[in-house]
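# Structural features, examined
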Amino acid sequence: MGESTAHPYMANSVPELQREMLDAIGADSIEELFSQIPADHRTNRPIDLPPALSESELTRHLIGILAKNRTVEQNLNFLGAGSWQHHVPAACDEVVRRNEWLTSVFGEPSSDHGRNQAWFEFCSQLAELVDLDMVGLPVRSWGGAAGSALRMASRLTGRNEVAVVRAIDPERLSVIRNYCEPVEMANHIAVRLVGYDPATGLMDLDDLRAAVGDQTAAVYFETPSYLGVIEHQGAAIAEITHAAGAELIVGVDPLSLGVLAAPVSYGADIVVGTIQPLGVHLNTGGGVGGFIATRDDDRYAHQYPSLLISIAETIEPGEYGFGLSLFEQSSYGKRDKGNDWTGHSVYMWAIAAATYMALMGPKGFEEIGGVILQRAHHAARRLAEIEGVRVTFPSGFFKEFVVNFDGTGREVGEINESLREQGIFGGKDLSQEFPELGASALYCVTEIHTGNDIERLVGALTKAIAR
Amino acid sequence: MSIEPKELQAPVWREPVIHQMGAAGRRGVLFSRVEDEIEAGVGPAENLIPDAVRRRDRPALPELSEPEVLYHYLRLSQQTLGMMGISLFGTCTMKYNPAVNEAIAWRPEITEVHPLQHEDTLQGTLEIVHGMDLILREVSGMDQFVFQAGGGAEAAYVNCAVTRGYHAARGELEQRDEIITTIQTHPSSAATAAMAGFKVVTLPLDENGYPSLDALKAAVSNRTAALMVNNPDDMGVYNPEMKDWVRIVHEAGGLAFHDSANFNGIIGKLRPRELGFDACMFMLHKTFGAPKSGVGGPAVGAYGCSAELAPFLPSPLVAFDGSRYHLDYDRPQSIGKIREFWGNVPVVVKAYAWSRAMGAEGMAQVSDLSVLANNYMEKGLVAIRGVTRSHPDAKLPRLEMTRYSLQTLKEETGVDIHDVQNRMSDFGIDPPWTSHEPWLLPEPFTPEAGEMWGKEALDTWVAVVKKVSDEAYSNPEHVKTAPHKQAVHRLKPGATDDPKTRATTWRAYQRKTGR
């Protein structure tokens, strides 16, 4: 009956307690309690794992393994492409690590009051950045948000084709294609890619006009785009989209919204995006999260697949609390008849983001946007001064830009290898994903990169190219 | 069991919504200005933005100092009961989230690492991910795991996408357009199947507490793409005919997926693969010790499958060649991505740490203690006036959960499960789980003791139900107006749904109330 030494994680791993409980049940052994399971379902081979580790052994074991990693603290990092390195205020980490939230489940609005309020404040602050009245609780990633929004649009319009910008993260496009279902399925949504102008990186409006018609449920583009470019033709895109009776879905990095116009101002119907830049660490990719926002209109409200949380008065005059809204339309409420599906998401990152947005305030977002723009443009100009190096879209970008190495005769892979030897993580290699861009890499420069960091990169790149 | 439950008092901070706080001009975080020479070189930031998309107004965010923000959220955290009370939340396998795992997962070797770094710089993380894969293979009998799904429901969605890939490769996807599930399988199986484009066939229960074999036989055909089922189910009922189920589905050409969400009751006792299942799913954020965090996450639905299905898994997979670890993207039959990057790495690290701290014997003890605790509680709960157990004819001991009903209590006192949930929180009990929709049993509740809580906590939980039952029969109004000791009172019914009052954001609330 269990081992003689109690396990620190299990209060009843004391044989005497188990005996007391068995006596209360009137059973001789724990084994009897498994009598529902037929003998031929039971394994005849016990689990075989290395011996259990004590906490000190475990710590040593894990730290030993993790020491094989190299971090962006030890190296100068220019990778972005969906997971961006920004400063995370220590207060965000202090808040998000609280055991009270971590160990909560889903009690009542009264017993989960504080957590629910923090979630509401995430939605409420994000709402100010996107300038929309309805924001859902976070979804698992930007791609998931975009895929869900495209399906919302398909249900709203009864149409089964969408036009999606081609200058998009291939990973996100793959997520979207899975959400839109393969061609064999009865409700398949065809994804039509809209090209970009090779000179500017902006959406090719002629291609968009050719792609959009009365079969189009939605047009989807991002600003800044995957290639870093600020799409400034939003109003024209909205006009083409709405003339066809389609929904305009715009993906954004909310960190840019202190300086860039909210997409609703030029006609967006559904706004989606990432929440990782809002106070969440890279976490080896485990920092990603997404959001969906719309006008507070039943037309949209009834299509959300995700959970929504609403402020409401309590039975005590003058007091308010926070509870789930429109739960019934979710898959928890209606199983396969609900709006797509919901489940575990990244709700703790919503709390980190709420803390981040509160620390930032309007001035913080304005300032960080400006600092990023200046640092990124400075970096792009300095890199373009290196012989053989060209910045493909040299203006009108936010924090990422495409650097082309065709003139150096070097592959991105070998350049990045040399940079790595010099303690620098170079930009993401685009050569395979966007072959038309040649030997190119996507560089990310944020508020954390100083002038000295940029000079270090210029020096290292010069050396990498020369050898 | 002579515990007399005592009322507790939750913190009442009356914390304003953050938009009501602060003062114009306050700052919570500053950024260093760019160097003068950069400013001189590139000019003012606003000139770097195309005129058409420059933001003209400032977002109406609060303006606060750093301590105001920090203490606001810390006060809110205090108004969250969770496991600071006693939380036996059913179907969720709630367990201890070890402090050491949190400490490790917040180290820079994990938080300050970019997923697109070169493999040479990721060897530590890849070793842990691969190690977790091997542990789950041993526990489940499957041949390969992937951690891309950000939760259990998303792992069910992975299963639907893999099912599409498998049948498409055989040219049968158009024909095989149905997925079979059961009414006591988690809603996410039915919902992800529908969202993936399948017609969903849901089997009802018979008097044993699980669907009959005949019902399955009637549902299976050459249109069957897959079976998606949990076992044990969310009532602690184990379907003893499951091997036949898998055989019948296989004979019809379908795949069989085991939603292993309730694995806490059977870990170490059986392996889904040995029952014939082609695939299964574990929730690392619950069953393997990482935090659930509300409804919740960041989380991981670890999806495992047979070698036959492995080519269809999302990319990348972590591979080991005997000396180095690789991210394998070269997988032509892969369904691609269901989420960006390769999973919530910190959660995988926590699950790996939990597994290594438990070892094989510890894991086996998890199901022993969970099932023992559930049956121990059942003895106390069914003795309480107004409480009945589901499927009274199914006499065998339930596994790690039991579903109960308060219908008798409601008929005799007017007090319903919602009232009881609220009143229990006054005694420091995290309100218990009822049941997923639809409620097959009226006024349901489903405690799941798990392996973490001691006998005293279980006794207290049962004693609180007894206390609330006594109150329902003696002073029902006191229960119906509960909670009395929480941070706030219960919400006005319907207020969060009515379009006139529903407000998911502060600005919507201000507009609708004119405040």
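Read on for an overview of the structure.

Each value, and the rule that gives it
- Residues numbered from 1 in each chain as written.
- Chains lettered and ligands numbered in written order.
- Predicted model: local features only at pLDDT ≥ 70, side-chain atom pairs only at ≥ 80, totals over all residues.
- Pairing = 2+ DSSP bridges.
- Helix = DSSP H or I, 4+ residues; strand = E, 2+ residues; numbered from the N terminus.
- Buried ≥ 20, exposed ≤ 12 C-beta atoms within 10 Å, placed from the backbone.
- Arc of directions from axis to C-beta.
- Contact = placed C-beta atoms within 7 Å.
- Right-handed = clockwise from strand over helix to strand, strands pointing away.
- Expected span 1.5 Å × (residues − 1).
- Core = buried A, V, L, I, M, F, W, Y, C linked by C-beta atoms within 7 Å.
- Axes fitted to C-alpha atoms, helices over the stretch in contact; angles between N-to-C directions.
- Parallel < 35°, antiparallel > 145°, perpendicular 65-115°, else oblique.
- Left-handed = near helix turned anticlockwise from the far one by under 90°.
- Nonpolar A, V, L, I, M, F, W, Y, C, P; charged D, E, K, R; others polar.

### A closer look at the sheet that holds strand β4 (residues 190–194) of chain A
Residues and elements named next belong to chain A. One open sheet accounts for 7 strands, arranged β2-β8-β7-β6-β5-β3-β4; its pairing is mixed. Strand pairing shows two members of the sheet lacking a second neighbour, β2 (134–135) and β4, which therefore form its edges. Strand direction decides the pairing type here: strand β3 (residues 161–165) and strand β5 (residues 216–223), joined by 4 bridges, are parallel. Bridging across to β5, alanine 163 finds its partner in valine 219.

### A short note on helix α13 (residues 412–421) of chain A
Residues and elements named next belong to chain A. Along α13, the positions that sit buried rather than exposed are Val412, Ile415, Asn416 and Leu419. Burial along α13 is one-sided: seen end-on, the buried residues are contained in an arc of 95°. Trailing α13 by a residue or two, glycine 423 shows a phi angle of about 80°, which is positive.

### A few points about the sheet that holds strand β11 (residues 404–405) of chain B
Residues and elements named next belong to chain B. Pairing in this open sheet of 3 strands is antiparallel, and the strands run β10-β11-β12 from one edge to the other. Two strands lie at the open edges of the sheet, namely β10 (388–389) and β12 (444–445), each paired on one side alone. Judged from the 2 bridges that link them, β11 and β12 form a sheet pairing that is antiparallel. Among the inter-strand pairings, serine 405 is bridged to a residue of β12, identified as proline 444.

### Quick notes on the interface of chain B and chain A
Each partner contributes residues to the interface: chain B has 187 residues there, and chain A has 178 residues. By residue number, the principal contributor to the side of chain B that touches chain A is helix α10 (residues 345–381) of chain B, which donates 22 residues.

### Topic: the pairing of strand β2 (residues 178–182) of chain B
Residues and elements named next belong to chain B. Counting buried positions along β2 yields 4 of 5 residues, so the element is predominantly enclosed. Bridge count between β2 and strand β3 (residues 199–203): 5 bridges; the pairing is parallel. Its bridge partner being in β3, threonine 181 is matched across the sheet by threonine 202. In this region the chain leaves β2, passes through helix α7 (residues 187–195) and returns to the parallel neighbour β3; the handedness of that crossover is right-handed.

### Remarks on helix α5 (residues 113–130) of chain A
Residue and element names in this part refer to chain A. Between its first and last C-alpha, α5 extends 26 Å over 18 residues, near the 26 Å set by a 1.5 Å rise per residue. The buried fraction of α5 is high, at 18 of 18 residues. At the exit of α5 stands aspartate 131, carrying a positive phi of roughly 60°.

### A short note on unusual backbone geometry
Residue B:Asn231 is joined to B:Pro232 through a cis peptide bond whose omega torsion reads 0°. Here B:Pro232 is to be found in the loop between β4 (224–230) and α9 (242–251). The residue after B:Gly297, namely B:Pro298, is reached through a cis peptide bond having omega 15°. The topology assignment puts B:Pro298 in the loop between β6 (279–283) and β7 (301–305). In this structure, A:Leu326 is a non-glycine residue whose phi angle is positive, near 55°. The topology assignment puts A:Leu326 in the loop between β10 (320–325) and α11 (331–334). With phi around 50°, A:Arg335 is a residue other than glycine that occupies positive phi space. Position of A:Arg335 among the secondary structure elements: in the loop between α11 and α12 (347–384).

### As for the nonpolar core
The tendency in soluble globular proteins is for nonpolar side chains to be buried side by side. Residues A:Leu150, A:Ile249, A:Ala353 and B:Val348 are the most contacted members of the largest nonpolar core, which totals 326 residues. In terms of residue count, the dominant contributor to this core is α12(A) (22 residues). Residues contacting A:Ala353, with those up to four places away along its chain left out, are A:Phe122, A:Ile275, A:Leu278, A:Gly279 and A:Val280.

### Overview of the packing of α12(A) against helix α14 (residues 451–466) of chain A
Residues and elements named next belong to chain A. The geometry of α12 relative to α14 is characterised by a closest axis approach of 10 Å and an angle of 25° between their N-to-C directions. The orientation of α12 relative to α14 falls into the category roughly parallel. Of the two possible hands of crossing, α12 and α14 adopt the one that is right-handed. For the pair formed by α12 and α14, the contact residues are His378, Ala379, Arg382 and Leu383 on the first element and Ile454, Val458 and Leu461 on the second. Its residues assigned to classes, the contact of α12 with α14 comprises 5 nonpolar, 1 polar and 1 charged.

### A short note on the environment of A:Thr103
Here A:Thr103 is to be found in the loop between α4 (99–102) and α5. In contact with A:Thr103, not counting residues within four places along its chain, are B:Gly82, B:Met83, B:Ser87, B:Asn97 and B:Pro291.

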